[in-house]
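Remarks on the overall topology
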Amino acid sequence: MADAQSLEQAVASVEGRTRAGLAAVGCVLLLGLLGDGLFFEAGVGLNLPLWSAGVVLS
Amino acid sequence: MSLQRLTLTLVAGAWLFTLLIAWRDSPALNCLATGTALLLVGLAIYPWAQNALRGSIVEYCLLMPLYLLGLMMAGLLALVLGDIRWRELSHLRPMQSLRLVLTGLLLAVPFLILFGVLFTSADAVYLQLWRNLFQFEFDGRHLVLIALFAWLAGGLLRPLLWREEIEMRVDQEVPRVGAIEMGIALGLINLLFISFVAVQIRYLFGGASLVQVTPNLTYAEYARQGFGQLVLASLFVLPMLLLFDWLTDRQNRVARRTLQVMAVLLIGLLSVVMASAWHRLLLYQQAYGLTELRVYAAAAMVWLGLTLIWFLLTVLPGRRERFSFGAAALIAAVVLGLHLVNPDALIARVNLQRALQGRRLDVDYLTARSADALPVIEAMLPRLPADQQQAVREQLRRRSSWIHTRDWRDWNWSRTIGKQTLQRLLRP
């Protein structure tokens, strides 16, 4: 119980910018993987709007 | 419109332009759609200067490209090294555990390598065991692509998350020009334009006879000689006028008035130059047929004509901060218009029409068009003489492999239609 509370306090102490930054880094990594999946040995077509949709949704 | 709403609108617009890539097949159109999407994203993430630089040529040609390039290059690094304050995370339990694990790994790695090398050298069976364990194929290009797209995504996402104010004071030391300098510079340029226009008007309104009486000058040669140069000359006028606008002392009313009069005169003269370029384009097309370059040059002239009108309405009356969005909207409109017109289909239609009138048909050029042109070719081919039909079919058969997409990822609508069309065209 005490552990859970201290974890909550610790998470709450992380500033918004850091939290948003971490989320953005996660999105960036996923977009990197998505880009590889969509563009590896492929021409340009449906993959570009799909990847862009990923960026917009992020 | 609020800044956030404008940003969202621009980003949504940019995405719609990427969607056009899944519609048409022409590589040139795809490049234009991608370029327009990037331009709209650039407008969405660029923090406009709040001083005299706003809407100036320095902002368009120097600050904006450099700033956006910097964002794209450094976005991910700034995100990881600047925005995330790792110290804040250090007291979280998962981070503490991670730190312990990493410390253990760092301590172990040198010794693992040392003993691993010794043991694998000592025993061939043991070496084989490790070889089997790591015998999997991995293409290094995956890592390059992942890094590239992550980098690109970082560059795009960070400025959308945090819009930064930037201080730009490049114009503090720039010497301004007054009415006399402005009058001399633009006056001389106008004189040059007047001298050229005086000759052009004779050709424009003199008709074919004037060209035909000029020794050793055919209509086609006349058109060919000047079209490209005139289009380029027309395209240079806009940045030049933006430069003069920026250099003009805004407090000096006479200087501003001189700029306005001279710019209006220059744009009037330019309209004759553009009409001459357009005239030559038509002659050129009549003599040699339509090509991609001619279609895009014509589109560029349409954009320039509209943008010059926008320049007259915004920059000259002193509202230059409104110019950029209008000019970008005109680019988007022209690119969208090109997608609707379908340049490759237009080229095929015009060139086949000429062939039907007995003119020469460039079969190589016709069959090298993208899948966008195939429905037009199918519709008009039966009206051609049998030998030309045969030549077109033969060339299409030889080049038919390009239309088959490797998988769903590079799919586009035009190629799907084109594939069916090609099958019908090549059916014995």
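Moving on to the overall build of chain A. Per the secondary structure count, chain A includes 3 helices and 0 strands. Counting from the amino terminus, helix and strand elements in chain A follow one another as α-α-α. Looking at chain A as a whole, 29% of its 58 residues are labelled buried.

Further remarks concern the overall build of chain B. Each helix and strand in chain B was counted, giving 18 helices and 0 strands. Expressed as a percentage of its 428 residues, the buried residues of chain B come to 29%. Partitioning the intrachain contacts of chain B with sequence separation of at least 6 by distance along the chain shows that 78% fall at a separation of at least 24.

The next point concerns the interface of chain A and chain B. Taken residue by residue, the interface counts 37 residues in chain A and 40 residues in chain B. In terms of residues, the side of chain A that touches chain B owes the most to one element, helix H2 (residues 16–39) of chain A, which gives 17 residues. For the side of chain A that touches chain B, the class distribution of residues is 24 nonpolar, 10 polar and 3 charged.

In this section: the environment of isoleucine 201 of chain B. You can see isoleucine 201 of chain B is positioned in helix H8 (residues 179–206). Isoleucine 201 of chain B sits in the partly exposed class, given 13 other C-beta atoms within 10 Å.

The subject of this paragraph is the packing of helix H12 (residues 292–314) of chain B against helix H13 (residues 323–341) of chain B. All names here are of chain B. Where H12 meets H13, the closest approach of the two axes is 10 Å, and the angle between their N-to-C directions is 155°. One element, H12, and the other, H13, form an angle in the roughly antiparallel class. Considering only the axes of H12 and H13, their crossing is right-handed. Taken together, the residues of H13 that come into contact with H12 (itself represented by Ala299, Val302, Trp303, Leu306, Thr307, Trp310, Phe311 and Thr314) are Phe323, Gly326, Ala327, Leu330, Ile331, Val334 and Leu338.

For the rest of this paragraph, the subject is unusual backbone geometry. Non-glycine residue glutamate 41 of chain A carries a positive phi angle of around 50°. Tracing the chain through its elements places glutamate 41 of chain A in the loop between H2 and helix H3 (47–57). The exposed category is assigned to glutamate 41 of chain A, around which 11 C-beta atoms lie within 10 Å. For asparagine 342 of chain B, which is not a glycine, the phi torsion comes out positive at approximately 65°. Its location among the elements puts asparagine 342 of chain B in the loop between H13 and helix H14 (343–356).

A residue-level look at chain B finds 89% of positions with pLDDT of 70 or above and a mean pLDDT of 85. With a pTM of 0.82, the predicted complex shows an ipTM of 0.81.

All right, on to the nonpolar core then. Grouped together as the largest cluster of nonpolar side chains are 72 residues, with contacts concentrated most on Val28 and Leu31 of chain A together with Ala33, Leu40, Val41 and Ala153 of chain B. For this core, the element with the highest residue contribution is helix H11 (residues 253–288) of chain B, accounting for 12 residues. Excluding its chain neighbours within four sequence positions, the residues that come into contact with alanine 153 of chain B are Cys27, Val28, Leu31, Gly32 and Val55 of chain A. Among the nonpolar cores identified, the runner-up in size contains 16 residues, and Val295, Ala345, Ile347 and Leu396 of chain B belong to it.

Conventions and cut-offs
- Residues numbered from 1 in each chain as written.
- Chains lettered and ligands numbered in written order.
- Predicted model: local features only at pLDDT ≥ 70, side-chain atom pairs only at ≥ 80, totals over all residues.
- Helix = DSSP H or I, 4+ residues; strand = E, 2+ residues; numbered from the N terminus.
- Buried ≥ 20, exposed ≤ 12 C-beta atoms within 10 Å, placed from the backbone.
- Contact = placed C-beta atoms within 7 Å.
- Nonpolar A, V, L, I, M, F, W, Y, C, P; charged D, E, K, R; others polar.
- Axes fitted to C-alpha atoms, helices over the stretch in contact; angles between N-to-C directions.
- Parallel < 35°, antiparallel > 145°, perpendicular 65-115°, else oblique.
- Left-handed = near helix turned anticlockwise from the far one by under 90°.
- pLDDT = per-residue confidence, 0-100.
- Core = buried A, V, L, I, M, F, W, Y, C linked by C-beta atoms within 7 Å.

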